[in-house]
Amino acid sequence: MRHLFAALRTRDERAREQMDAPDADPRMLAKTYERFRLVNAVVSGERAVYRRWVRPRLSPVWGTRLLDVGTGDGLLVQTPGGRNLLLDGGPSASRLSEALGRRLPFLERGLDYLVVAGTDEEQVSALPRVLERYPAQNVLWAGPTSGTNGARDLQAFLARSRTPVSLAESGQVLDLGQGAVLQVLAVGKHGAVLGLEWGKFQALLPLGLDFATLESLQSGLGQVPSDVVLLAENGYAPINPPEWIAGFSPQVVLLSVGAGERSGRPDPEVLEALGGYN
């Protein structure tokens, strides 16, 4: 067993990088995925013991982490009750896999929920390959099911793996335990706008915000305080009007964009409007 865990700790950089290669060798990928299944099989029994006896005795863990996935969206929510939720996943399988490996405990190498809040390539392309290593027990899907190649690939993977998928609806509330909830504030053609709450903490996550949804929500949600607000579309100015952000009076504003982004995101006017935020 000691040798097995030593092997599991050893990084196979060549195999990991294969996850992102469009011309990846199918045999190499098969070996990589088989190794992931071995890891999941080894820890699955221990995970049940950990969840039932160890986790309840630990101090509550709560956090929303913006994962380093480059230009795209990938947020990991870890709840006080020990649940792990991934919101979208970004474009790079290797970067998402590495980020989850750093954040998830060894005996929790899986996701309680995957929430597909937007289906652009930079939001979902990484997911099919990463879910081989970090399987999701349930999926909540918002937005088109076949609008992009990434969305079609993800749908095909979920069907093959027989992962339960439910479609998100406006007003839906996902109970995360111990008072924490994830709310579906709106669902549009582009995806979903989500709200995360625990006690007095509130976060606005407009991962699937489009102009029609923005217009319908501005008057109804603009004056509800939120501790954290995520900028939509990697800081694209037209979808992040200053009055929309200011209406939430956030303490922290999150932005997910890769270094040297070709589109020039975030837009300069967005950064100017955020001069007073962290």
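Residues numbered from 1 in each chain as written. Predicted model: local features only at pLDDT ≥ 70, side-chain atom pairs only at ≥ 80, totals over all residues. Heavy atoms only, no water.

1. Topic: the overall build of the protein
Scanning the protein from N- to C-terminus turns up 10 helices and 12 strands. Each of the 278 residues in the protein was classed as buried or not, and the buried ones make up 49%. Within the protein, residue pairs in contact and separated by at least 24 positions form 63% of the contacts whose partners lie at least 6 positions apart. Summing over all exposed atoms, the protein offers an accessible surface of approximately 13,700 Å²; the carbon and sulfur share of this is 52%. (Helix = DSSP H or I, 4+ residues; strand = E, 2+ residues; numbered from the N terminus. Buried < 20%, exposed > 50% of the residue type's maximum accessible area, 1.4 Å probe, protein only. Contact = heavy atoms within 4.5 Å. Areas by Shrake-Rupley, 256 points an atom, 1.4 Å probe, with all protein chains shown as cover.)

2. With respect to the sheet that holds strand S5 (residues 136–141)
As summarised here, the arrangement of the six strands in space is S1-S2-S3-S4-S5-S6, forming an open sheet in which the pairing is mixed. A single partner strand is all that each edge strand has here, and the edge strands are strand S1 (63–66) and strand S6 (165–167). Geometrically, the sheet is characterised by an average inter-axis angle of 20° between neighbouring strands, direction not taken into account. Both strand S3 (residues 84–87) and strand S4 (residues 111–116) contribute to a ladder of three bridges, which runs parallel. The partner of leucine 85 across the bridge, within S4, is tyrosine 113. Strands S1, strand S2 (75–78) and S3 of the sheet are contacted by helix H4 (residues 93–103), whose axis makes an angle of about 20° with S2. Along the sheet, helix H7 (residues 149–160) makes contact with S4, S5 and S6, crossing S5 at roughly 140°. (Pairing = 2+ DSSP bridges. Axes fitted to C-alpha atoms, helices over the stretch in contact; angles between N-to-C directions.)

3. Digging into the sheet that holds strand S7 (residues 173–177)
Within a sheet, each strand pairs with its neighbour through backbone hydrogen bonds, oriented either parallel or antiparallel. Pairing in this open sheet of six strands is mixed, and the strands run S7-S8-S9-S10-S11-S12 from one edge to the other. The sheet is open, and its two borders are formed by S7 and strand S12 (252–254), each paired with just one other strand. Strand after strand, the sheet turns through a mean of 15° between neighbouring axes, direction not considered. In this sheet, S12 lies alongside strand S11 (residues 228–230) in parallel orientation, the contact comprising three bridges. From the neighbouring strand, leucine 230 faces S12, where its bridge partner is leucine 254.

4. Some points on the side chain of aspartate 120
Its location among the elements puts aspartate 120 in the loop between S4 and helix H5 (121–124). Given the relative accessible area of 18%, aspartate 120 is considered buried. Of note is the side chain of aspartate 120, whose polar atom sits 3.3 Å from the side chain of histidine 190. For aspartate 120, the residues in contact, after removing those within four places along its chain, are Thr148, His190 and Glu233. (Polar contact = N/O pair within 3.5 Å; in protein donor to acceptor, adjacent residues only side chain to side chain.)

5. Some remarks on empty space enclosed by the protein
Scanning the entire structure with this criterion turns up one cavity of 30 Å³ or more. What the largest cavity holds in volume is close to 60 Å³. Considering the residues around the largest cavity, the lining is formed by Gly72, Asp73, Asp120, Glu122, Gln123, His190, Leu207, Glu233 and Asn234. Along the lines of polarity and charge, the residues of the lining of the largest cavity split into one nonpolar, four polar and four charged. (1 Å grid on protein atoms, 1.4 Å probe; cavity = no way out; pocket = protein on both sides within 12 Å on 5 of 7 lines; lining within 4 Å. Points joined across faces, edges and corners; volume = space filled by probe spheres on them. Nonpolar A, V, L, I, M, F, W, Y, C, P; charged D, E, K, R; others polar.)

6. Structural notes on the environment of valine 165
Positionally, valine 165 belongs in strand S6. A sequence separation of 26 residues divides valine 165 from valine 139, and the C-alpha atoms of the two residues are 4.7 Å apart. Excluding residues within four positions of it along the chain, valine 165 makes contact with Val139, Trp141 and Leu158.

7. Looking at the pairing of S4
Taken across its six residues, S4 has five buried, putting it largely inside the fold. The sheet contact formed by S4 and S5 spans five bridges and is parallel. Across the sheet, residue leucine 114 finds its bridge partner in S5, namely valine 139.

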